[in-house]
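Breakdown of the fold
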Amino acid sequence: MAVAGHQVPLDQIRSVELRSEACHPQLFSWWVLGCLGGLLLLPFPWIFWPWQVGGVALALALARRREHTLQVTLRDGRAHRHRFADQATAQAHHLGLRRSLGQRS
């Protein structure tokens with residue numbers, strides 16, 4: 001079986017784990033800093049409001065992005081990782097590996 005470009009026999013796999021993490025975990029801090037900086041533009045409402053609305057839109061768009069990492073740990077302690085952009089593909093690989101190992105979903 002090929003995992004992250006490496007050929008791995010099924011009997012060498014100890015565990016399979018799927019992790020989902022935010023792509024931009026520091027986004028909230030930058031959003032707060034941008035909004036506080038935007039308060040300097042408060043006397044100019046034609047600049048202030050687009051700045052604030054743009055900041056909220058950017059934060060909402062980037063906060064939804066997640067990275068899904070499939071980690072396959074071998075019996076000798078080595079681990080192979082493969083990243084996926086969408087959750088459906090990552091979940092399908094994860095469940096397929098667990099079924100082939102005979103583990104419950």
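Shown above is the structure to which this text applies.
Residues numbered from 1 in each chain as written. Predicted model: local features only at pLDDT ≥ 70, side-chain atom pairs only at ≥ 80, totals over all residues. Heavy atoms only, no water.

Topic: the side chain of threonine 73
With respect to the helices and strands, threonine 73 occurs in strand E4 (residues 66-74). The exposure class of threonine 73 is buried, given its relative accessible area of 12%. Once residues lying within four places of it in the same chain are set aside, the contact partners of threonine 73 are Gln12, Ile13, Arg14, Ser15, Arg78 and Ala79. (Helix = DSSP H or I, 4+ residues; strand = E, 2+ residues; numbered from the N terminus. Buried < 20%, exposed > 50% of the residue type's maximum accessible area, 1.4 Å probe, protein only. Contact = heavy atoms within 4.5 Å.)

A word on the sheet that holds strand E3 (residues 13-22)
Strand order in the open sheet formed by three strands is E3-E4-E5, with antiparallel pairing between adjacent strands. The open sheet has two free edges, formed respectively by E3 and strand E5 (79-84), since each of these has just one partner strand. Within the sheet, the average angular offset between the axes of one strand and its neighbour, ignoring direction, is 20 degrees. Note: E4 against E5, six bridges, orientation antiparallel. The residue of E5 that forms the bridge with histidine 68 is phenylalanine 84. Helix H3 (residues 87-101) contacts E3, E4 and E5 of the sheet and is inclined by roughly 165 degrees relative to E3. (Pairing = 2+ DSSP bridges. Axes fitted to C-alpha atoms, helices over the stretch in contact; angles between N-to-C directions.)

What to know about a nonpolar patch on the surface
A cluster of nonpolar side chains, Leu36, Leu39 and Leu42, forms an exposed patch at the surface whose accessible area comes to about 290 Å². Here leucine 42 lies in the loop between helix H1 (27-38) and helix H2 (45-63). Look at leucine 42 and you get partly exposed, because its relative accessible area is 47%. (Patch = residues over 30% accessible without salt bridge, like charges linked within 9 Å, V, L, I, M, F, W, Y side chains within 5 Å. Areas by Shrake-Rupley, 256 points an atom, 1.4 Å probe, with all protein chains shown as cover. Salt bridge = Lys/Arg side-chain N within 4 Å of Asp/Glu carboxyl O.)

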